[in-house]
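The primary structure of each chain is shown beneath.
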Amino acid sequence: MQTTKEYAQLLDSQDPLASFRQEFYIQPGVVYMDGNSLGLLSKRAEQALLDMLESWKQLGIDGWLDGKHPWFYVSEQIGALLAPLAGAAPEEVIAAGSTTVNLHQLAATFYEPQETRTKILASSLDFPTDIYALQSQLRLKGYNPDEHLLLIESRDGRTIWEEDIIAAMNEEVALAILPCILYRSGQVLDMQRLTAAAHERGILIGFDACHSIGAIPHRFSEWGTDFAFWCNYKYINGGPGSTAGLYVNRRHFGRLPGLTGWFGSDKEKQFNMEHTFSKAEGAGAYQLGTPHILSSAPLLGSLELFREAGMDRVRQKSLLLTSYMLQLIRSELHSYGFTVGTPEEEERRGGHVALEHPEAARICKALKQAGVVPDYRAPDIIRLAPAALYTSFADVWAAVAALKEIMEKKQYEAFPNERNVVA
Ligand SMILES: *Cc1c(COP(=O)(O)O)cnc(C)c1O
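Conventions and cut-offs
- Residues numbered from 1 in each chain as written.
- Predicted model: local features only at pLDDT ≥ 70, side-chain atom pairs only at ≥ 80, totals over all residues.
- Heavy atoms only, no water.
- UniProt positions renumbered as here; feature names shortened; annotations may be inferred.
- Pairing = 2+ DSSP bridges.
- Helix = DSSP H or I, 4+ residues; strand = E, 2+ residues; numbered from the N terminus.
- Axes fitted to C-alpha atoms, helices over the stretch in contact; angles between N-to-C directions.
- Contact = heavy atoms within 4.5 Å.
- Buried < 20%, exposed > 50% of the residue type's maximum accessible area, 1.4 Å probe, protein only.
- Parallel < 35°, antiparallel > 145°, perpendicular 65-115°, else oblique.
- Left-handed = near helix turned anticlockwise from the far one by under 90°.
- Nonpolar A, V, L, I, M, F, W, Y, C, P; charged D, E, K, R; others polar.
- Salt bridge = Lys/Arg side-chain N within 4 Å of Asp/Glu carboxyl O.
- Domains from an automatic or database assignment.
- Buried area = accessible area lost by both parts, 1.4 Å probe.
- Near = heavy atom within 4 Å.
- Polar contact = N/O pair within 3.5 Å; in protein donor to acceptor, adjacent residues only side chain to side chain.
- Phe/Tyr/Trp six-rings, centres within 6.5 Å; stacked < 30°, edge-to-face > 60°.
- Lys NZ or Arg CZ within 6 Å of the ring centre and 35° of its normal.

An unreviewed UniProt entry lists the protein chain under the name Kynureninase, from Ectobacillus ponti. Regarding the protein chain, the UniProt comment filed under Function (unreviewed entry) reads as follows: "Catalyzes the cleavage of L-kynurenine (L-Kyn) and L-3-hydroxykynurenine (L-3OHKyn) into anthranilic acid (AA) and 3-hydroxyanthranilic acid (3-OHAA), respectively."

Laid out in structure tokens, this is it:
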């Protein structure tokens, strides 16, 4: 009964967020399971971008202070819309830069090596750009990354044990930067516990929320987390290259950002054009140059949808979707050699399901041909991300049904087992 298409339709009929699907552009015949890499366009995001173009068209330079969304305040406005998703006060969050730039900014600010406390703690399963940024921040301060970047090993190749991270938090560690959710397996780290453990040991701690913002709730302020950063083109649906986000806890508002630029100024003073930097009071101080208004605009629309849906309801539906997917995988795909890499426990499971298989690259190609858009991560992971705002239970059912047919008929054998340039 629970494996039938009718059951999926029943779940859809009971879904309080079902109506949000109509807000998005979903191509007919396509089952989109890649919202953790690039979220889909919503009509609200499109409209917000069109509004911004209209201001430019009609107002020219005056768009900075006039029009529907005066450009001068857009980054702060988006910060305030992101704040509830980060569990922070509006002034603790700003839209700015990219994930990588924001990580550089925050590491430049919060990595303050002293005598024997010189190391940065990260994980061996981190996204590469995070590692590259930390390596260069160490080099800039005169330290050899091979000795001063401490990467916590995984015991199973998929997950990182909080105990192992905490055990490595010794008096040589100055700063810890970890993902909220691991990008391959989808494991959620216990951010509250790690924040408390770091602070007990005199270590500052920040999180990469790329895979968690818009997927799970955060309580960064309440936990006392020092800082966080993320991109807005995954679960937040801000569009390719969308302006990113960052959070800085208010107890650090007195600090001077490691990298300063004129858009980090107190807004009243910015256009005094003085050579003495008067920093903004809150997270706004971490901005550098002129904001990417056209890459920020869609966020005004897409974040409205999150405000209406509520992050707790989004998480609730996301867990129902991934639980249902895991249940179908267990009952329909058990004989095809897949391993589920995502933790089963709800509090440790993020927004996607990672399926491991030696033929993963070409299974993904066969899925795409069958109208299901998955996400491949080398060497052997198929990520399936049902996004709570626009993925239906019927989509989850269809994705697993397509996968079953591909495996049963060995349709993947028609493709080479290699990744594409972007995968
Ligand atoms: C997507 C992602 C990034 C991407 O960084 P950009 O600067 O936006 O290219 C970085 N870190 C993690 C963990 C990610 O998932």
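**Q** Which residues make up the sheet that holds strand E2 (residues 93-95), and what values do they have?
**A** Within a sheet, adjacent strands bond to each other through the backbone by hydrogen bonds, running parallel or antiparallel. In spatial order, the strands read E2-E8-E7-E6-E5-E3-E4; together these 7 strands make up an open sheet with mixed pairing. Unpaired on one side and paired on the other, E2 and strand E4 (149-152) mark the two borders of the sheet. Each strand of the sheet is rotated relative to its neighbour by a mean of 20 degrees, with strand direction disregarded. Alignment of strand E5 (residues 173-179) against strand E6 (residues 204-208), held across 5 bridges, turns out to be parallel. In the sheet register, Leu-175 faces E6, and the bridge partner there is Leu-204. Together, E5 and E6 form the strand contacts of helix H8 (residues 191-200), whose direction differs from that of E6 by roughly 155 degrees.

**Q** Account for the UniProt feature "modified residue: N6-(pyridoxal phosphate)lysine" (unreviewed entry) in the protein chain, naming residues and giving values.
**A** Mapped onto the present numbering, the UniProt feature "modified residue: N6-(pyridoxal phosphate)lysine" (unreviewed entry) falls at Lys-234. Relative to the helices and strands, Lys-234 resides in the loop between strand E7 (227-230) and strand E8 (245-248). Classification of Lys-234 by relative accessible area gives buried; the value is 7%.

**Q** Describe the packing of helix H13 (residues 360-369) against helix H14 (residues 393-408), with residues and values.
**A** Helix-helix packing: each pair is described by the crossing angle between the helix axes and the interaxial distance. One can describe the packing of H13 onto H14 by two numbers: an axis separation of 10 Å at closest approach and a directional angle of 120 degrees. Between H13 and H14, the crossing angle belongs to the class labelled oblique. Between H13 and H14 the crossing geometry is right-handed. Contacts between H13 and H14 involve Ile-363, Ala-366 and Leu-367 from the former and Ala-399, Ala-402, Leu-403, Ile-406 and Met-407 from the latter. For the contact of H13 with H14, the class distribution of residues is 8 nonpolar, no polar and no charged.

**Q** Tell me about the pattern of salt bridges, residues and numbers included.
**A** Under the counting rule described, the total for this entry stands at 23 salt bridges. One salt bridge in this structure joins Arg-155 and Asp-164, with 2.8 Å as the shortest N-O distance. A salt bridge links Arg-377 to Asp-375; the nearest nitrogen and oxygen atoms lie 3.7 Å apart. One exposure class covers both Arg-377 and Asp-375, and it is buried. Overlapping salt bridges bring together Glu-23, Arg-44, Glu-304 and Glu-308 as one network.

**Q** Talk me through the domain arrangement of the protein chain; I want residue IDs and the actual numbers.
**A** Domains assigned within the protein chain are domain 1 (5-32 + 310-414) and domain 2 (48-308). Summarising the inter-unit geometry, the C-alpha centres of domain 1 and domain 2 are found 29 Å apart. With 28 residues of domain 1 in contact, the opposing surface of domain 2 contributes 23 residues. Contact with domain 2 buries area across many residues of domain 1, yet Met-311, Arg-348 and His-352 alone supply 25% of it, more than any other trio. Counting the contacts that link domain 1 with domain 2 gives 2 salt bridges.

**Q** So what's going on with the site of the ligand? Which residues, and what values?
**A** Taken together, Ser-98, Thr-99, Thr-100, Phe-127, Thr-129, Asp-130, Asp-208, Cys-210, His-211, Tyr-233 and Lys-234 make up all the residues around the ligand. Between the ligand and Asp-130, the relevant distance is 3.0 Å, taken from a nitrogen atom to a side-chain nitrogen or oxygen of the residue. The contact in question runs from an oxygen atom of the ligand to an N or O atom on the side chain of Tyr-233, over 2.6 Å. Mapped onto the shell around the ligand, the elements with two or more residues apiece are helix H4 (99-110) and helix H5 (128-140). By residue class, the composition of the shell around the ligand is 3 nonpolar, 5 polar and 3 charged.

**Q** Any chance you could break down the packing of aromatic side chains for me, citing the residues and the numbers?
**A** Each aromatic ring pair is characterised by the separation of its centres together with the angle its planes make. Under the counting rule described, the total for this entry stands at 17 aromatic pairs. Measuring from ring centre to ring centre gives 4.9 Å for Phe-110 and Phe-227, while their planes differ by 15 degrees; the resulting arrangement is stacked. Here Phe-110, found in helix H4, pairs with Phe-227, found in strand E7; they are 117 residues apart in sequence, far enough to count as distant. Residue Phe-110 shares its accessibility class with Phe-227, and that shared class is buried. Where Phe-127 meets Tyr-183, the ring centres are 5.1 Å apart and the plane angle is 70 degrees; that geometry is what we call edge-to-face. One end of the pair, Phe-127, is in the loop between strand E3 (119-123) and H5; the other, Tyr-183, is in the loop between E5 and H8, with 56 residues separating them in the sequence. Among the aromatic residues, those joined into a ring-pair cluster are Trp-64, Trp-71, Phe-72, Tyr-73, Trp-262, Phe-263 and Phe-271. The ring of Trp-161 has Arg-155 sitting right over it, with the charged end atom 3.9 Å from the ring centre.

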